[in-house]
Amino acid sequence: MKRTVYLGLGSNLGNRLEYLQLAVSNLPDVSKVSPVYETAPVGGPDQGPYLNCVVQLKTELTGQDLLAECQKQEKLADRIRKERWGPRTLDVDLLWIDGEVIEEENLTVPHPRMKERGFVLIPLRDLDPTLVDSFPNSQKVISGDLDSVIKIGTLLDETPNGE
Ligand code: GSY
């Protein structure tokens, strides 16, 4: 059965928009793409601003399949990341699989920090306001981050029927 999955995409190195576009074009089963936001970096060393967006998939892929897809897209973007939390050409995080809880050695779903991050909640709310409203404190997190998350536009729509 197809499930609704959300992935968080981020880039703060090189041609950031191109890396996001590349991932959206290559990911399987994409059904919706949020606007792109420029966002202040959260955590880590001094680093440049990110571009972030959230992608919805309608898919039968499992959590492990999806994790492999995320890693494949990061590799395709020639990810260079010397420092944990440091700058990266592309980060693809598996955020949500229809409410499924996964706690495996290499994978935790829902993403453990997604509900604390304006750069995830704001684009996710564009795609699924009911889901974001169901998270405790989401309004507070979003209000606190509104100044550091600026909508800059949309990616090309690569979905088959332009949903
Ligand atoms: O967790 C994703 C990588 N990342 C980001 C990000 O995508 N956006 C912003 N604004 N800050 C971040 N810090 C990390 S780590």
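Our structure's up above, just so we're on the same page.
Residues numbered from 1 in each chain as written. Predicted model: local features only at pLDDT ≥ 70, side-chain atom pairs only at ≥ 80, totals over all residues. Heavy atoms only, no water.

Peer 1: Please clarify how the overall build of the protein chain should be interpreted in this entry.
Peer 2: The helix and strand tally for the protein chain stands at 5 helices and 8 strands. In the protein chain, the succession of helices and strands from N to C terminus is β-α-β-β-β-α-β-β-β-α-α-α-β. By the compact-globule yardstick of 15 Å for 163 residues, the protein chain fits well, its C-alpha radius of gyration being 15 Å. Considered along the principal axes of its C-alpha atoms, the protein chain spans approximately 45 × 35 × 35 Å. (Helix = DSSP H or I, 4+ residues; strand = E, 2+ residues; numbered from the N terminus. Rg over C-alpha atoms; globule rule 2.2 N^0.38 Å.)

Peer 1: Just checking my understanding: could you explain the nonpolar core for this structure?
Peer 2: Burial of nonpolar side chains together is a common tendency in soluble globular proteins. Val5, Leu7, Leu9, Leu20, Leu57, Leu94 and Ile97 are the most contacted members of the largest nonpolar core, which has 25 residues in total. At the level of secondary structure, the elements contributing two or more residues to this core comprise strand E1 (3-11), helix H1 (16-26), strand E4 (50-59), helix H2 (63-76), strand E5 (91-97) and strand E7 (107-109). Take this core: its biggest share by element is 4 residues, from E4. Among the nonpolar cores identified, the runner-up in size contains 18 residues, and Val120, Leu131, Val132 and Val141 belong to it. (Core = buried A, V, L, I, M, F, W, Y, C linked by side-chain atoms within 4.5 Å. Buried < 20%, exposed > 50% of the residue type's maximum accessible area, 1.4 Å probe, protein only.)

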